[in-house]
Amino acid sequence: MSKSPLEEIHDDHRHMAVLLELLSSDMAALREDLEGAVDLERVRQIMDYFSGYPDRIHHPREETMLEVFLERHALSEAMEDTWKRVRAQHATLHQLTRGVLEMLDAATHDVAVPREHLVECLQDFIVRQREHLDMEEREILPYLEKTMDDGDWREVNTRMPNSVDPMFGEQIETEYRELYRLLKNRKT
Ligand SMILES: [Fe+2]
Ligand SMILES: [Fe+2]
């Protein structure tokens, strides 16, 4: 049986949390100036992943769930505020992801990038991404699960953008194979 939209969103969040952990340890090493210990190409790949599936598929999927919800249910004031924050955070995360990725693209192509600035931007990305995941797991997803009925979810299913995760889906795309192997070894 295929997974429900909510199960898929939870799975995506788990995958992102694992990547953020790896990113965080790389950032800590970069901060201590342990350049040799950090594979910048790998950091670039992680950010490349975030700019792809999470940014282009995962966030629009969440926004589709919110759209369907808003069309079919009344919204409390508190939740309206939370919705607005989710949308604003998606836009901010998109900008931050692009910015860090551009810096890493330059750094991995031997263009001088101030190390402190890169560390600062990575830190900002990690903190905001974690806050965002926590808020969705704590406030949004339980609320949707409690409130939406089968008809709502059928509607979500027909509208959700369909795409396969290039790293955690059934087929791992070549560019992410090494990173995926590394994550698997870290977990066990
Ligand atoms: Fe989100
Ligand atoms: Fe999310």
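Now for a look at the structure at hand. (Residues numbered from 1 in each chain as written. Chains lettered and ligands numbered in written order. Predicted model: local features only at pLDDT ≥ 70, side-chain atom pairs only at ≥ 80, totals over all residues.)

Some points on the overall build of the chain
And step 1. When you go through the chain residue by residue, the secondary structure sums to seven helices and zero strands.
And step 2. The C-alpha radius of gyration of the chain comes to 18 Å, within 12% of the 16 Å expected for a compact globule of 188 residues.
And step 3. Oriented by its inertia axes, the alpha-carbon framework of the chain measures out at about 55 × 35 × 25 Å.
And step 4. A total of 188 residues make up the chain; the buried ones form 19% of that total.
And step 5. Pairs at least 24 residues apart make up 81% of the contacts formed inside the chain by residues separated by at least 6 positions. (Helix = DSSP H or I, 4+ residues; strand = E, 2+ residues; numbered from the N terminus. Rg over C-alpha atoms; globule rule 2.2 N^0.38 Å. Buried ≥ 20, exposed ≤ 12 C-beta atoms within 10 Å, placed from the backbone. Contact = placed C-beta atoms within 7 Å.)

Quick word on the nonpolar core
And step 1. By size, the foremost hydrophobic cluster in this structure holds 19 residues, and its most contacted members are Leu23, Ile46, Met47, Tyr49 and Leu122.
And step 2. Leave out the neighbours within four places in its chain, and Met47 touches Thr97, Val100, Leu101 and Leu104.
And step 3. Residues Met65, Val68, Ile140 and Leu144 belong to the second largest nonpolar core, which totals six residues. (Core = buried A, V, L, I, M, F, W, Y, C linked by C-beta atoms within 7 Å.)

Overview of the packing of helix H3 (residues 53–72) against helix H6 (residues 150–159)
And step 1. H6 packs onto H3 with a crossing angle of 140° between their chain directions and a minimal axis gap of 9 Å. Classified by the interaxial angle, the pair formed by H3 and H6 is oblique. The chirality of how H3 crosses H6 is right-handed. Contacts from Thr64, Met65, Val68, Phe69 and Arg72 of H3 reach H6 at Asp152, Glu155, Val156 and Arg159.
And step 2. Tallied by class, residues from the contact of H3 with H6 come to four nonpolar, one polar and four charged. (Axes fitted to C-alpha atoms, helices over the stretch in contact; angles between N-to-C directions. Parallel < 35°, antiparallel > 145°, perpendicular 65-115°, else oblique. Left-handed = near helix turned anticlockwise from the far one by under 90°. Nonpolar A, V, L, I, M, F, W, Y, C, P; charged D, E, K, R; others polar.)

Side note on the packing of H3 against helix H4 (residues 77–107)
And step 1. Interaxial distance between H3 and H4 falls to 11 Å at its minimum, and their mutual angle equals 170°. By the criterion of interaxial angle, the relationship of H3 to H4 is roughly antiparallel. Facing H3, whose interface residues are Asp55, His59, Glu63 and Leu66, H4 presents Trp83, Arg87, His90, His94 and Thr97.
And step 2. Tallied by class, residues from the contact of H3 with H4 come to two nonpolar, four polar and three charged.

What about helix H5 (residues 115–147)?
And step 1. The end-to-end C-alpha distance of H5 is 46 Å, a good match for the 48 Å that 33 residues give at a rise of 1.5 Å each.
And step 2. Glu136 marks the point of greatest bend in H5, at about 40°.
And step 3. Here H5 has its buried residues at Leu118, Leu122, Phe125, Gln129, Glu136, Ile140 and Leu144.
And step 4. Buried residues along H5 sit in contact with helix H1 (5–31), H3 and H4. (Expected span 1.5 Å × (residues − 1). Bend = angle between axes of the 7 residues up to and from the residue.)

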